[in-house]
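Inside the fold
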Amino acid sequence: MARLENKIAVVTGGSRGIGRAIVKALVEEGAKVLTCGRGNDPADFPSGVVWQTADVSIPEAVEELSRTVTERFGRVDILVNNAGIQIEKTVPDSSVEDWENLMGINAKGVFLMCREFIPMLAEGGGGSIINIGSISGNHADPAMALYNASKAFVHGLTRSMAVDHGHQGIRCNAICPGWIMTEMADAAFEMAKNPQAAKADALARHPSGRFGRPEDIANAVVWLASNDSDFMTGQTLTIDGGLVSASPLQPTLF
Amino acid sequence: MSTESQQEKQSLSGRIAVVTGGCGGIGTAVCARLAREGAQVYAADLRGGDTIKADEVIFHEHDVSSEESAKFLMAEVERQHGRLDILVNAAGIEIEQTIEETSLEDWNRIFAVNVTGTFLTSKHALPLMRKAGSGSIINFGSYDGFIADPALAAYCATKGAVHALTKAMACDHGAENIRVNAICPGFIDTPMLNSFFGSSGDIESLKNEVRRVHPLKRYGTPEDVAGLVNWLAGDEARYASGQLWILDGGLTAQVQQMRL
């Protein structure tokens, strides 16, 4: 039986990568989904998916999203804040524009979406907010300073909203993906001197023996959206194939 | 040689300290530092008394896994000083095996030293700290109590146990002004580390790789650890208790360093 039959979900950044897998998984479980992104309608979504071009860092665009949800569905049960960008720079290398771009989407966007949709979730008797954080919010990736910090913000906001809105029946959790093979991760390997060797080394550091797939994250989103996780709130779930459980120093790799 | 002004700078003047594993890689440096800060130090270890140089460090033969030995050690400290101010539980061993390879005998042995040893020495130290009116217990956890090195399963488990025990002891004895903390070292240049490398081939190239992975680009030294012990032992740390102090040159602050 579909676990999210007749549930209404909003997913940001749903056009590709992890977001796209989340949209697909929610639809397969019976949910109706509104998703958004800054680009044009990918036009190849499964039926039951509504697309709206929107930049989550712009308050008016977020208000527009909630108007669409009200008109099309009348309520909302699930909010997935997945939209995110990364900028590969240290603090001195980062411009104010970098800060505004990255924090605008990764931090302010999550804030604006939650501010807009929490009243609607509460009105319907509650629901589940799922934010996409990162292992990089707990441990630093080199030369990703603003990205790492933005994800730590997401983790902190997740706990705050769980505490503030639990009494309204709203649960709020974050998922911290490790290395998920998306366009973003491929780009990281392309930067390596020897992309093949870099990939082999990275693989060897995963107790799972493989990188993550967008579906691994989507499956966790479905679980957090469903009643199966009814008592879980305020948590950050790491899904990384064991990467951060292992020591970074493994002499057998050298 | 100590002048008046140097004595004033000593932060542990007149304190009585016991360091288990006091003749080991880290323990030796801890004893030397505490002695330099003015403490009367008992280096409690199975062997190694002949290597002690400082006058203020007294060797006491001690098997941390034996309750008789713990009672005997503390009876001696009580007879000499009537109290104890500082206990450093630095005795520890490691076994380089997965759980499948680990015999029950080996499992019990590493727990006897790393966990039961911390329990027994602390248990019998507490009455002497009560007599002192306060105390600082410093346990040795490890970054391996948070994240795993391959084929060190039992070691990782003992360090996780020490972390939990540290918090429990801090809760139970805080009201008596006995503080309990754990230091969780990363890669410290000790014989134990060399033994860990020894099974992995070309040691020098390994060591360079290891340095490269650390944000501070070097290993820790036993003296680095002794510096934190000194701080936790002294009055500067009077509000610090129940914490796990990771000392690893930034190693575990980062996501795994892929060779990009």
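Provided above is the structure to which this section pertains.
Computed from a predicted model, the values in this text were never measured in an experiment.

**Some thoughts on the packing of helix 6 (residues 191-198) of chain B against helix 7 (residues 203-213) of chain B**
All names here are of chain B. Contact geometry of helix 6 with helix 7 gives a least axis separation of 10 Å together with a crossing angle of 110°. With respect to helix 7, the element helix 6 is oriented roughly perpendicular. Here helix 6 runs over helix 7; the crossing is right-handed. Here Asn 194, Phe 197 and Gly 198 of helix 6 lie close against helix 7, whose contacting residues are Ile 203, Leu 206, Lys 207 and Val 210. Of the residues belonging to the contact of helix 6 with helix 7, the class tally is 4 nonpolar, 2 polar and 1 charged.

**Focus: the environment of Val 162 of chain B**
Residue and element names in this part refer to chain B. By the element assignment, Val 162 lies in helix 5 (residues 153-173). By relative accessible area, Val 162 is classed as buried at 0%. For the pair formed by Val 162 and Asp 144, sequence separation is 18 residues and the distance between their alpha carbons is 11 Å. Sequence-distant contacts of Val 162, that is, excluding residues within four places in its chain, are made with Asn 114, Thr 118, Asn 139, Phe 140 and Gly 141.

**As for the interface of chain A and chain B**
Between chain A and chain B, the residue contacts involve 25 residues of the former and 24 residues of the latter. The tally of links between chain A and chain B comes to 0 salt bridges. Counting only elements with at least two residues in the side of chain A that touches chain B, the list comes to helix 5 (183-190) and helix 6 (195-204) of chain A. Here the side of chain A that touches chain B gets 3 residues from one element, more than from any other, and that element is helix 6 of chain A. Classifying every residue of the side of chain A that touches chain B by side-chain character gives 16 nonpolar, 6 polar and 3 charged.

**Things to note about the pattern of salt bridges**
Residue and element names in this part refer to chain A. Scanning the entire structure with this criterion turns up 18 salt bridges over all chains. Arg 205 is the partner of Asp 201 in a salt bridge, and the nearest nitrogen-oxygen pair spans 2.9 Å. Take Asp 201 and Arg 205: they sit in the same class, and that class is buried.

Parameters and conventions
Residues numbered from 1 in each chain as written. Chains lettered and ligands numbered in written order. Predicted model: local features only at pLDDT ≥ 70, side-chain atom pairs only at ≥ 80, totals over all residues. Heavy atoms only, no water. Axes fitted to C-alpha atoms, helices over the stretch in contact; angles between N-to-C directions. Helix = DSSP H or I, 4+ residues; strand = E, 2+ residues; numbered from the N terminus. Parallel < 35°, antiparallel > 145°, perpendicular 65-115°, else oblique. Left-handed = near helix turned anticlockwise from the far one by under 90°. Contact = heavy atoms within 4.5 Å. Nonpolar A, V, L, I, M, F, W, Y, C, P; charged D, E, K, R; others polar. Buried < 20%, exposed > 50% of the residue type's maximum accessible area, 1.4 Å probe, protein only. Salt bridge = Lys/Arg side-chain N within 4 Å of Asp/Glu carboxyl O.

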